Amino acid sequence: MRGRQTVRDMVLSMLAVMGVALVAYLTIPHSSSGDGVHVVDYGAELASAKRAAPYPVLAPQGLSDKWRATSVHYRKDADGHAGWHLGFVTPDGKYASVEQSDAPRNDLLKVVVTGYAPDGSSTIDGQPWARYQGDHYRSVTESTGAATTVVAGSASYQELDQLAQALKP
């Protein structure tokens, strides 16, 4: 009789534990994206970069929430050039980034768009932006004043143009 109670008690205990686990699973919120993208809030880093940079730092305004920021930093390189980076996953699931620096244009392009070659131009806000196609990324690029802005990534030129169009100081 004692053996039956032990097995019965064990089965009841297991059912109770499984019930609690099921309730916990059903009530704990789960990520809806499910694609593993870690979204970052870049507001504080942007404010800091705007105070420190020797040029007007640009960031997008008015993009849909389908543009998800995934990386951000502002730093000076070994030569003392100030660099701003803001990376995104685009609505099409590709990568696009904003890169700004007071380094020479070709130096920035060499780092961002490896093996770059001219590939036409885009007109953004009435201004010509040079297009470059690289080994892995493409870009639209503009140099104004003390900075070069490169919008680059695996995204299409259409998405890169859209990101560049949204950039504001």
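In what follows, the accompanying structure is described. (Residues numbered from 1 in each chain as written. Predicted model: local features only at pLDDT ≥ 70, side-chain atom pairs only at ≥ 80, totals over all residues. Heavy atoms only, no water.)

1. Re the pattern of salt bridges
Rules: By definition, a salt bridge exists where a carboxyl oxygen of Asp or Glu is found within 4 Å of a side-chain nitrogen of Lys or Arg. Secondary structure elements follow DSSP: runs of H or I no shorter than four residues count as helices, runs of E no shorter than two count as strands, and numbering proceeds from the N terminus. The buried label goes to any residue with under 20% of its type's maximum accessible area, the exposed label to any with over 50%, and the partly exposed label to all in between, with areas taken from a 1.4 Å probe on protein chains only.
The tally for this structure, following the rule as stated, stands at one salt bridge. Among the salt bridges present, the one from D161 reaches R131, with a minimum N-O distance of 3.5 Å. Residue D161 is found in helix α4 (residues 157-166), and its partner R131 is found in strand β6 (residues 127-133); the two are separated by 30 residues along the sequence. Since its relative accessible area comes to 19%, D161 is described here as buried.

2. Overview of the side chain of T90
Heads up, the rule is: We call two N or O atoms a polar contact when they sit within 3.5 Å, provided that within protein one can donate a hydrogen and the other can accept it, with sequence-adjacent residues counted only if both atoms are side-chain atoms. For this analysis, residues touch if any pair of their heavy atoms sits within 4.5 Å.
Within the secondary structure, T90 is located in the loop between β3 (82-89) and β4 (95-101). A polar contact is formed between the side chain of T90 and the side chain of E159, at a distance of 2.9 Å. Residue contacts for T90: discarding those within four places in its chain leaves K66, W67, Y95, A96, A155 and E159.

3. Some words on the nonpolar core
This is how it is decided: We define the nonpolar core as a collection of buried residues of types Ala, Val, Leu, Ile, Met, Phe, Trp, Tyr and Cys that are connected through side-chain atoms lying within 4.5 Å of one another.
Among the nonpolar cores identified, the biggest contains 28 residues, and Y55, W84, L86, V140 and V151 are the most heavily contacted of them. Looking at this core, the elements with two or more residues in it are α2 (43-52), β2 (68-76), β3, β4, β8 (147-153) and α4. The contact partners of V140, leaving out residues within four places of it in the chain, are S122, I124, W129, A130, R131, T149, V150, V151, Y157, L160, D161 and A164. Grouped together as the second largest cluster of nonpolar side chains are eight residues, A130, Y132, V150 and A152 included.

Without other data, these values stay purely geometric and don't point to any function.
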